[in-house]
Amino acid sequence: MGGPPYDCMSNPLGAVRLTFEKAIGLGSETLTHPSAFDGKDWGALELFRHFLFQESGLSQVPILNPKTLRWVQHNCLVRYRGMIQDMLGNEFYVGAYREEGCSWRTNKFTDVSQYAMESPSDTCIWERRLLYCVPVPGQSSWTVLSCDMDPKWSSQSREKRRRMNDEDEVPMDLAPEDEVKRSPITKKMRENEPPASSEPMDLKTASMSTIQFVDKDNLPCLVKIYDSPESDLKLNDVFEFIGVLTFYSELAVEKDENDELSNILYDDARVHLPPNKVPRLHCLVHRKLAVHDFLLGSPIMEPKPHLVKEIREALFRHLTVVLGNDGVAAHFMLLHLLSKVHTRVDDVAVGKLSLNLTGLSKESVSVFGTRLSQAFKNLLPFTNCMPLTLEYLNTASLAPKKDYQTNRLIPGVLQLPEGSHLMVDETQLESGSLNSIGIDNVKLLKNLIEFQKVEYDFQYYKVEMAADVQLLIFSEGKSNIVPADLIVPFQPSSLESSEIPVGEALEAWRWYLATVRSLPHSIGSEMQKMVDDGPPHILKFGRNQPDIGTLANGKRNGEAKEGEAQVDQMLDIGNDVSSFSFPQGHEKAYDVSKPMFVMYDCYSTLLSNVFSCLIPGFVVEIGSNAY
């Protein structure tokens, strides 16, 4: 024998069946009843993990997208990257069955039985979960995996599988022709289809006929989960799923009320996701993706201080040019891009840092807003834009809503994965009245920017879902609709267009932003004592302990900017920051003209970050004379 009687790539169901037969002891004197597995793994997953990660088979698995869907093979191994947009609950299926005089067979990791199921004498009913996944909203083009797989792979794999099947007495993944004709699925097809030609239908042709309505830019996928705790997969998480691709257009036909057994196999038709629009992926292996997993060509290096400093300075110069040589705005922009919700204390999202650039008009946004948008698309994995007009507020669906008629969660604009960036253009907003939808949308935006939470509407009740979205607001004056943590007057001194960065620089900057945001941090005992005691001026604002704890936000962003885990050095910044605008009634609570120590060893701009996080509802506004 030259190898195993299956191919994990082109014939994964053969591997599943082989491990199933081995697990139940087929051929031995004593058989294990499949009910002992209760639908759980019997050793098949370890086989695929070894192939994917030990034998470097992952790079060979084709990416499922609108392009590859036109040539990838039915029942082959594929991988799909996307966000969990909806969780459709569980469905029951015939996991294992046996007919009189026959051995046990399994239907795991497939939609329909590979063999005829006339009158099984014994069956095992198992459960699987359904996840509706979509491409990540706002995903940048540089994060999309290129598929170098030659379309000839499909025909080559089919030839290889045919050769393997010729060597075996029983085909590994195709039923005998007479059994296929007797299967209930085939019967339904014959009863509902128009007169067909005498030529047999090729599997590839059948697959091609089911994808004619697929959006060329957006391919959703119905992922079926078998061996994973519910806590491992959460709504809005971004995952890579590796599993068996199935196309069954016949699943959309009407059910036969008298055929209960085959109806079990039609369970997913109830979610109104026809296979000709939404392919099915039976998941074998999955992994949650972080930002680093999207850095396709970025360098892998240790975050050493001198190296981080060089990359940071280059990125800062780039942001300064993009922002028309406004160095102060560039400092705050860099802090903003490094912000991240890394913990929550009661209702406080520690680490968030929204930024409001003021002094912008429609004309200036068309220049600098476009520049920033392009820069973010080159630097960040997920970036989105929101034109905040009166019409948009009154008509847009920002929050996801549950539709109980279709049992679907209708997506909203604010259903975004962790680490997303959102630019809000308020310069287009004109005077007018908000209707009930507009009022709800304003509340949703304020809730997101203040607490990093989004309310999901389930008609009879609402559920707050945690978020981690970086918000950047463009406005003429201070935004009252989307009140940010930092308010910076934008005063560019140059209109020169920035040069397009070379590939190596972009890769280094992407690595810097992804790595530094994820660095751990610590607060030394002396620093903790200073935070606990607090300057007497701060006490006038009526601080409380949980809110004081958010001072870690400013410290963390400052440490992150330098790429250090702890910064104990204190810098007297004197008059580097000339004035702040304090909340009404507290204008003289702190005299910023006097020297002050801040928790940062290089950048005086962190002062505003510290205070915005130190005092709940406190807004830091850089005065115009700071320029």
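Residues numbered from 1 in each chain as written. Predicted model: local features only at pLDDT ≥ 70, side-chain atom pairs only at ≥ 80, totals over all residues. Heavy atoms only, no water.

Peer 1: Please clarify how the overall build of the protein chain should be interpreted in this entry.
Peer 2: Counting its regular elements, the protein chain contains 18 helices and 20 strands. The buried share of the protein chain, taken over its 627 residues, is 53%. In the protein chain, the share of contacts with a sequence separation of at least 24, taken over all contacts with a separation of at least 6, comes to 80%. As displayed, the protein chain offers around 28,800 Å² of accessible surface, 51% of which is attributable to carbon and sulfur atoms. (Helix = DSSP H or I, 4+ residues; strand = E, 2+ residues; numbered from the N terminus. Buried < 20%, exposed > 50% of the residue type's maximum accessible area, 1.4 Å probe, protein only. Contact = heavy atoms within 4.5 Å. Areas by Shrake-Rupley, 256 points an atom, 1.4 Å probe, with all protein chains shown as cover.)

Peer 1: Before we go on, may I ask you to explain the nonpolar core in this structure?
Peer 2: In a soluble, globular protein the nonpolar side chains are often hidden away together inside. Counting 49 residues, the largest nonpolar core has Leu64, Val223, Phe241, Met386 and Leu414 as its most contacted members. Among the elements that line this core, the one with the most residues is helix H12 (residues 436–451), at five residues. Taken together, domain 1 (12–146 + 217–252 + 261–289) and domain 2 (305–521) each give at least three residues to this core, which thus spans both. Counting 42 residues, the second-largest nonpolar core is a separate cluster that includes Leu319, Leu323, Met423 and Ala514. (Core = buried A, V, L, I, M, F, W, Y, C linked by side-chain atoms within 4.5 Å. Domains from an automatic or database assignment.)

Peer 1: How should I be thinking about the packing of helix H1 (residues 12–23) against helix H2 (residues 44–54) in this particular structure?
Peer 2: Packed helices, taken two at a time, are described by their axes: the angle between them and the distance between them. Relative orientation of the contacting elements H1 and H2 amounts to 135°, with a least axis distance of 9 Å. Taken together, the axes of H1 and H2 are oblique relative to one another. As for the relative orientation of H1 and H2, their crossing is right-handed in sense. Of the residues in H2, those in contact with Pro12, Ala15, Val16 and Thr19 of H1 are Ala44, Leu47 and Phe48. (Axes fitted to C-alpha atoms, helices over the stretch in contact; angles between N-to-C directions. Parallel < 35°, antiparallel > 145°, perpendicular 65-115°, else oblique. Left-handed = near helix turned anticlockwise from the far one by under 90°.)

Peer 1: Sorry, what's going on with helix H13 (residues 503–517) here?
Peer 2: Each α-helix turn comprises 3.6 residues. Residues three or four places apart therefore point the same way. Its 15 residues give H13 an end-to-end C-alpha distance of 21 Å, which sits within 8% of 21 Å, the value for a rise of 1.5 Å per residue. Burial of H13 is extensive: 11 of the 15 residues sit out of reach of the surface. Residues of H13 that are buried: Leu506, Ala508, Trp509, Arg510, Trp511, Tyr512, Leu513, Ala514, Thr515, Val516 and Arg517. (Expected span 1.5 Å × (residues − 1).)

Peer 1: Would you take a moment to explain the confidence of the model for the protein chain for this structure?
Peer 2: Interpretation of the predicted coordinates at a detailed level should be avoided for regions scoring low in pLDDT. When pLDDT is averaged along the protein chain, the result is 74; 66% of the residues meet or exceed 70. Confidence drops under pLDDT 50 across residues 160–213; counting only partners more than four residues distant or on other chains, this segment forms 75 contacts. For the stretch residues 564–618, pLDDT sits under 50, and the model shows 132 contacts to residues farther than four places along the chain or on other chains. (pLDDT = per-residue confidence, 0-100.)

Peer 1: How do you make sense of the environment of Lys352 when you look at a structure like this?
Peer 2: Looking at where Lys352 falls in the secondary structure, it is placed in the loop between strand S8 (348–350) and strand S9 (355–358). Taking the C-alpha atoms as reference points, Lys352 and Leu471, separated by 119 residues in sequence, lie 9.1 Å from one another. Within polar-contact distance, the side chain of Lys352 engages the backbone oxygen of Ile449 at 3.2 Å. Only 2.8 Å separates the side chain of Lys352 from the side chain of Asp485, close enough to count as a polar contact. (Polar contact = N/O pair within 3.5 Å; in protein donor to acceptor, adjacent residues only side chain to side chain.)

Peer 1: Any chance you could explain the side chain of Gln85 here in plain terms?
Peer 2: When you line up the elements, Gln85 lands in strand S1 (residues 77–98). A polar side-chain atom of Gln85 sits 2.9 Å from the main-chain carbonyl oxygen of Leu409. In this structure Gln85 touches Tyr132, Cys133, Val134, Leu235, Arg408, Leu409, Ile410, Pro411 and Gln415, once residues within four positions along its chain are discounted.

Peer 1: What is the right way to read H2 from this model?
Peer 2: For H2, the set of buried residues is Ala44, Leu45, Phe48, Phe51 and Leu52. For H2, the arc enclosing every buried residue in end-on projection is 130°, short of the 170-degree limit, so these residues lie on one face. Summarising the geometry of H2, the exposed residues directed more than 90 degrees from the buried face are Glu46 and Gln54. Where H2 is buried, its residues meet H1, S1, strand S5 (238–246) and strand S6 (280–288). Taken from the residues just after H2, Ser56 is the one with a positive phi, measuring 55°. (Arc of directions from axis to C-beta.)

Peer 1: Hey, could you run me through unusual backbone geometry in this one?
Peer 2: In terms of backbone geometry, most residues other than glycine have negative phi values and most peptide bonds are trans. A positive phi is found at Ser56, a non-glycine position, where the angle reads about 55°. Structurally, Ser56 is set in the loop between H2 and S1. Despite not being glycine, Asn407 has its phi angle at roughly 60°, a positive value. Structurally, Asn407 can be placed in the loop between strand S11 (401–403) and strand S12 (408–410).

Peer 1: Can you help me understand a nonpolar patch on the surface in this one?
Peer 2: Judged by side-chain polarity, Tyr404, Tyr460 and Tyr461 come together as a nonpolar surface patch covering roughly 390 Å² of accessible area. Within the fold, Tyr460 resides in the loop between strand S14 (453–457) and strand S15 (462–466). Its relative accessible area of 67% is what places Tyr460 among the exposed residues. (Patch = residues over 30% accessible without salt bridge, like charges linked within 9 Å, V, L, I, M, F, W, Y side chains within 5 Å. Salt bridge = Lys/Arg side-chain N within 4 Å of Asp/Glu carboxyl O.)

Peer 1: Is there a simple way to think about the side chain of Ser420 in this case?
Peer 2: Tracing the sequence through the fold places Ser420 in strand S13 (residues 420–425). A distance of 2.9 Å separates a polar side-chain atom of Ser420 from the backbone oxygen of Pro417. Beyond its immediate stretch of four places on either side in the chain, Ser420 contacts Phe382, Asn384, Asp468, Val469 and Gln470.

Peer 1: Explanation requested: the packing of aromatic side chains in the structure shown.
Peer 2: Where two aromatic rings form a pair, the distance of their centres and the angle of their planes describe that pair. The full count for this structure, using the stated rule, is 11 aromatic pairs. Measuring from centroid to centroid gives 6.4 Å for Tyr93 and Trp126, while their planes differ by 80°, and the two rings are edge-to-face. Taken together, the residues span a long stretch of sequence, with Tyr93 in strand S1 and Trp126 in strand S3 (residues 122–134) at a distance of 33 residues. With centroids separated by 5.6 Å and ring planes inclined at 40°, the aromatic side chains of Tyr404 and Tyr460 adopt a geometry described as tilted. Remark: Tyr460 occurs in the loop between S14 and S15 and Tyr404 occurs in the loop between S11 and S12; sequence separation between them is 56 residues. Each member of the aromatic cluster is reached from another via a ring pair, and the members are Phe20, Phe37, Trp42, Tyr93, Phe109, Trp126 and Tyr226. (Phe/Tyr/Trp six-rings, centres within 6.5 Å; stacked < 30°, edge-to-face > 60°.)

Peer 1: Looking at this structure, how should I read the pairing of S9?
Peer 2: The side chains of a regular strand alternate, residue by residue, between the two faces of the sheet. Here S9 shows a buried face lined by Leu355 and Leu357 and a second buried face lined by Asn356 and Thr358. In terms of strand pairing, S9 meets strand S16 (residues 469–474) through three bridges, oriented parallel. Following the sheet pairing, Leu357 is matched in S16 by Phe474. As defined by bridge partners, S9 adjoins strand S17 (residues 486–489) across four bridges and the pair is classed as parallel. Bridge assignment links Leu355 to a residue of S17, and that residue is Leu486. (Pairing = 2+ DSSP bridges.)

Peer 1: What is the right way to read the environment of Ala290 from this model?
Peer 2: Along the chain, Ala290 falls in the loop between S6 and helix H8 (305–322). Considering only alpha carbons, one finds Ala290 and Phe239, 51 residues apart in sequence, at a separation of 8.8 Å.

Peer 1: I tried to follow the pairing of S13 on my own but got confused; where do I start?
Peer 2: Within S13, six of the six residues are buried, which leaves the element mostly enclosed by the surrounding structure. Bridge analysis of strand S10 (residues 383–387) against S13 gives five bridges, and the strand direction is parallel. Paired with Met386 across the two strands is Val424, which belongs to S13.

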